[in-house]
Each structure stands twice: as C-alpha cells, then as structure tokens.
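Below, each chain spelled out in residue letters.
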Amino acid sequence: MDFGLSEQQQRWQDDAVRFAREQLVDPESVAREARGEFWREGYERCGRFGVLGLPVPAAYGGQGADVPTAVAAMEGLGYGTRDQGLLFSLNAHLWTNSIPILVYGTEAQKQQYLPPLGDGTLIGANGASEPDAGSDIFSLRTRAVRDGDHYVLNGAKTFVSNAPVADLFVTYATVNPALGAMGVTAFIVERNTPGLSVPKHLDKMGLRTSPMAEVVFEDCRIPVSQRLGREGRGVGVFECSMEWERGCILASCLGVMERQLADCITHARSRKQFGKAIGKYQSVANRLVDMKVRIDTCRPLIYRIGALKDRGADATTEAAVAKLYVSESFVKSCLDAVQIFGGYGYMTEQQVERDLRDSVSSTLYSGTSEIQRNIIAKGLGL
C-alpha cells in the first residue's frame with residue numbers, strides 16, 4: 001500500500017500543525033496540567049478549526065473528509081501541541097461519540113446531535129467501563145428496563161473521559177444479563193437527563209487535562225428514540241467505536257513521537273559534555289536512531305487502518321496490531337527522551353516527563369495491550 005499523503009491530506013496536516021502552534025499555545029499549560037484542568041477555550045478553538053467534524057459529512061455540519069485525512073490532521077495536532085490531554089478529549093469525543101451516532105444513529109439523531117458535536121458546542125463522552133467490567137466489557141451490570149416508550153437505566157460507569165465537562169453520553173446497558181453480549185444496548189443520554197449524575201472526579205497520572213469521572217444512572221428514563229441502533233446490538237456499536245479509536249487516536253501519538261525526536265536531536269546537538277555534543281556519543285545516537293525506527297514502523301500501521309476504513313473494509317485485527325505496537329513504542333520513545341535530556345528531562349518545566357506520563361495510558365485505553373494480543377490471536381484463528 002502507498003501511504004503517501006494526498007494534496008488535501010497534506011494540507012490538513014500542515015494546517016493542523018500551524019493551528020496547534022498558533023492557537024493551542026497555552027501560557028497556563030504547565031499549571032493547568034498540574035491542576036488537572038480542562039482547557040475549554042482550546043477545545044472550542046478546535047471546533048472552529050473544523051477538526052471535531054472532520055470525518056462527518058457536510059450534510060451534518062462536518063468537513064466530509066476521508067479517514068486518512070482525519071488521521072493526518074490528528075498527527076499534525078500531536079506534533080504541534082504539548083497538550084496531549086486536550087487531544088485525547090478530542091479523540092474520545094470523535095471516535096466514541098460522534099462516529100457511533102454517524103454510523104448507527106437515526107436520521108433525526110444525526111441531524112440533532114452531529115452539527116453541535118462537530119462545531120464544539122457540545123462535548124461528547126463514552127460510558128462503557130464499569131467498576132467490575134473493564135476489559136470484560138460485556139459483563140456490565142448497568143440495566144436498561146423497557147417501560148412503555150422509555151428505558152429506565154440503573155448502574156454506574158467509571159473511567160469516563162470528558163465526563164465532568166460532557167454534554168452528551170453514548171452509554172451501554174444490558175436489557176437482559178442472561179443474554180450476555182446479545183443483551184447489550186447502546187443509548188444516547190443528554191447531560192441534563194434526570195437521574196444522571198457525575199459524582200466523583202478521578203485524578204490521573206497522565207493526560208491530566210482530559211477530565212475523567214464516574215457516571216451514575218439512577219432511575220434514568222431514556223426515550224426509546226434515544227436508543228442508538230437496535231436493541232441487543234450494542235456490541236456492534238461499541239466495537240465499531242473501538243476500531244475507529246484504536247486506529248485514529250494513535251495518530252496523535254505519532255505526531256508527539258515526531259516532535260519529540262526533533263526536540264531530542266536539537267538537544268543532542270547543542271548540549272555538550274566532556275568537550276563535545278552529546279549526540280556524538282554512540283549511546284545517545286543509538287537512542288535517537290531507535291526513536292526514528294519506531295516512528296517509521298508505526299506510521300504504516302496507523303495509515304493502513306485509515307486506508308482500510310476508507311474503503312469500508314474490516315480493520316479489527318489491523319487496529320489491534322497498530323494499537324499494541326504503537327502504544328508500546330510510544331512509551332519506549334518517551335523513556336529515551338527523558339534519558340537523552342537527563343536531569344532536565346526529569347524536571348516538570350521541560351515537559352519531557354509529561355509526555356512520558358501521558359504515554360503510559362496509551363497501553364491501557366481502548367483496550368490494554370493484553371486485550372490487543374487476544375484480538376490479534378483471534379484474528380489468527382487461535
């Protein structure tokens with residue numbers, strides 16, 4: 001496959017880098033990260049830039065771009081800004097909220113929700129994980145009981161990205177636990193729905209500017225018209241969103257790895273020890289080489305998913321391969337960056353250590369590395 005960018009894709013990527021460098025420069029970034037505070041203005045700027053509606057058709061207020069263009073833009077944003085938390089919130093919003101509505105929503109749902117999700121008016125979140133249903137997502141206990149033209153939801157979700165600031169939730173509940181996966185059903189729930197609460201903010205090691213919280217449903221009445229897809233078909237909705245997320249969210253990580261390598265090369269050329277630039281020492285040069293090799297091997301894995309999705313092909317195994325390899329490569333490159341910067345890399349002010357803390361979560365979200373290996377093994381027929 002040829003993964004070279006088209007003229008349009010390259011333009012979006014270049015514009016994304018420029019936009020991030022000019023509009024996502026936050027003088028309060030370090031302090032905001034320490035406080036774990038979401039930058040709403042930065043998010044709204046992304047909406048005005050158009051990235052929140054990038055893969056959404058123009059009929060629903062989006063840009064109507066193909067999947068590789070969305071991947072290219074996310075890579076550009078990753079290169080241009082240090083606020084990975086903000087980018088994570090954008091990705092969570094897009095791939096686990098907007099895309100499920102686009103793919104499975106009714107025409108009325110798409111007309112109602114996609115335009116404000118795409119322009120930054122609304123922030124989306126995804127309620128899937130539960131205290132006792134993390135990797136085993138379909139053992140969830142949140143119940144949805146049909147009551148006339150409503151469903152009544154009861155249960156709790158945890159690790160919900162964007163929850164403290166979200167306006168709209170795509171969430172999952174079972175209509176019958178005895179049915180297992182066939183009982184899982186997806187719903188669109190608005191923030192102001194009686195019975196929905198966000199009682200507990202969750203503090204994190206990294207991605208601290210992407211807020212996370214628990215979400216509780218207590219006799220939460222959801223009109224049948226807010227069901228997303230058919231009853232008992234929530235597994236398909238969830239797996240669709242994960243396939244998109246596993247591929248596209250990693251594009252931001254790729255951009256970070258590229259920016260990181262550029263910063264490390266600059267430092268290795270200017271930092272002198274024992275009379276010469278540290279980049280002249282083989283131990284340092286080898287780390288830079290390893291970082292370069294990881295980038296060049298990660299790129300085709302990510303863009304392959306975009307190419308497959310763009311022609312409507314299944315990319316379940318390919319997305320898992322990319323998620324596994326890119327996330328673990330990301331952590332390794334961040335560790336190399338800290339080592340190359342030495343004591344300065346360990347200091348908060350340089351924000352090198354921030355990249356490392358942010359990178360660890362990439363091996364956990366959208367399914368842990370262990371889960372990705374299970375998916376790949378299944379794809380191999382094992």
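Described below are features of the structure shown in this document. Note that the structure is a prediction, hence the values are computed from the model and not measured.

So, on to the packing of helix α4 (residues 67-80) against helix α5 (residues 84-104). For the pair α4 and α5, interaxial distance at closest approach is 11 Å and the crossing angle is 160°. Here α4 is positioned roughly antiparallel relative to α5, judged by the angle of their axes. The interaxial crossing formed by α4 with α5 has right-handed handedness. Contact residues: A70, M74, L77 and G78 in α4; L87, L90, N91, L94 and W95 in α5.

Our focus in this paragraph is the nonpolar core. Membership of the largest hydrophobic core comes to 87 residues, with the highest contact counts inside it found for V51, L77, I101 and Y172. Here the element with the most residues in this core is helix α7 (residues 234-270); it accounts for 17 residues. Counting residues in each nonpolar core, the second largest holds 18 residues, with A125, A144, L196 and C220 among its members.

With that out of the way, let us pick up the packing of helix α9 (residues 316-341) against helix α11 (residues 352-360). For the pair α9 and α11, interaxial distance at closest approach is 9 Å and the crossing angle is 160°. Between α9 and α11, the crossing angle belongs to the class labelled roughly antiparallel. Classified by chirality, the crossing of α11 by α9 is left-handed. Side by side, α9 and α11 meet where F330, V331, C334, L335, A337, V338 and F341 of the first sit next to V352, E353, D355, L356, S359 and V360 of the second. Across the contact of α9 with α11, the residue classes break down as 10 nonpolar, one polar and two charged.

For side chains bearing opposite charge, pairing can occur when the charged atoms are close. Applying the stated criterion across every chain yields a total of 23 salt bridges. Salt-bridge contacts for E37 lead to R32; the nearest nitrogen and oxygen are separated by 2.6 Å. Classification of R32 as buried rests on a relative accessible area of 10%. Note that K157 and E130 form a salt bridge whose closest N and O atoms lie 2.8 Å from each other. Of the two residues, K157 sits in strand β3 (residues 150-161) while E130 sits in the loop between β1 (124-127) and β2 (143-147), which places them 27 residues apart along the sequence. An identical accessibility class is assigned to K157 and E130; each is buried. When salt bridges that share partners are traced, they join D26, R32, R35 and E37 into one network.

With seven of its seven residues buried, strand β4 (residues 168-174) lies for the most part within the structure. Alternating positions in β4 separate into two faces, L168, V170, Y172 and T174 on one and F169, T171 and A173 on the other, with burial throughout. Note: β1 against β4, four bridges, orientation parallel. If you follow N126 over to β4, its bridge partner there is V170. Two strands pair when backbone bridges link them, and β4 and strand β5 (residues 184-190) are joined in this way by seven bridges, in the antiparallel orientation. Looking at the pairing, F169 lines up with V189 of β5.

So, on to helix α3 (residues 40-49). For α3, the set of buried residues is G42, Y43, C46 and G47. Looking straight down α3, one finds that the buried residues subtend no more than 150° of arc, so they occupy a single side. On its buried face, α3 is in contact with α1 (7-23), α5, α6 (107-118) and β1. Where α3 ends, the next residue or the one after it, G50, has phi of about 110°, a positive value.

So, how was this worked out
- Along each chain, residue indices are assigned from 1 in the same order as the chain's sequence is written.
- Local features are withheld for residues below a pLDDT of 70 in this predicted model, meaning they are given only at 70 or higher, and side-chain atom pairs are given and counted only at 80 or more; totals for whole chains, interfaces and linings count all residues.
- With hydrogens and water excluded, all non-hydrogen atoms of the structure serve as input to the side-chain values.
- Where helices are involved, their axes are fitted lines through C-alpha atoms of the stretch in contact, as for all axes, and angles between N-to-C directions lie from 0 to 180°.
- The helix count covers DSSP runs of H or I at least four residues long, the strand count covers runs of E at least two residues long, and both are numbered beginning at the N terminus.
- Roughly parallel refers to an angle under 35 degrees, roughly antiparallel to one over 145, roughly perpendicular to one between 65 and 115, and oblique to any angle outside these ranges.
- By convention, the crossing between two helices is left-handed when the near helix turns anticlockwise from the far helix through less than a right angle, and right-handed when the turn is clockwise.
- It only takes one pair of heavy atoms within 4.5 Å for two residues to be counted as in contact.
- Only buried Ala, Val, Leu, Ile, Met, Phe, Trp, Tyr and Cys residues count toward a nonpolar core, and they belong to the same one when joined by side-chain atoms within 4.5 Å.
- Throughout, exposure labels follow a simple rule: accessible area from a 1.4 Å probe, protein chains only, divided by the maximum for the residue type, with under 20% read as buried, over 50% as exposed, and the rest as partly exposed.
- Gly is placed with the polar residues, together with every amino acid not listed as nonpolar (Ala, Val, Leu, Ile, Met, Phe, Trp, Tyr, Cys and Pro) or charged (Asp, Glu, Lys and Arg).
- Any Lys or Arg side-chain nitrogen located within 4 Å of an Asp or Glu carboxyl oxygen qualifies as a salt bridge.
- Two strands pair under a simple rule: DSSP has to find at least two bridges between them.
- Directions pointing from the helix axis toward each C-beta atom define the arc.

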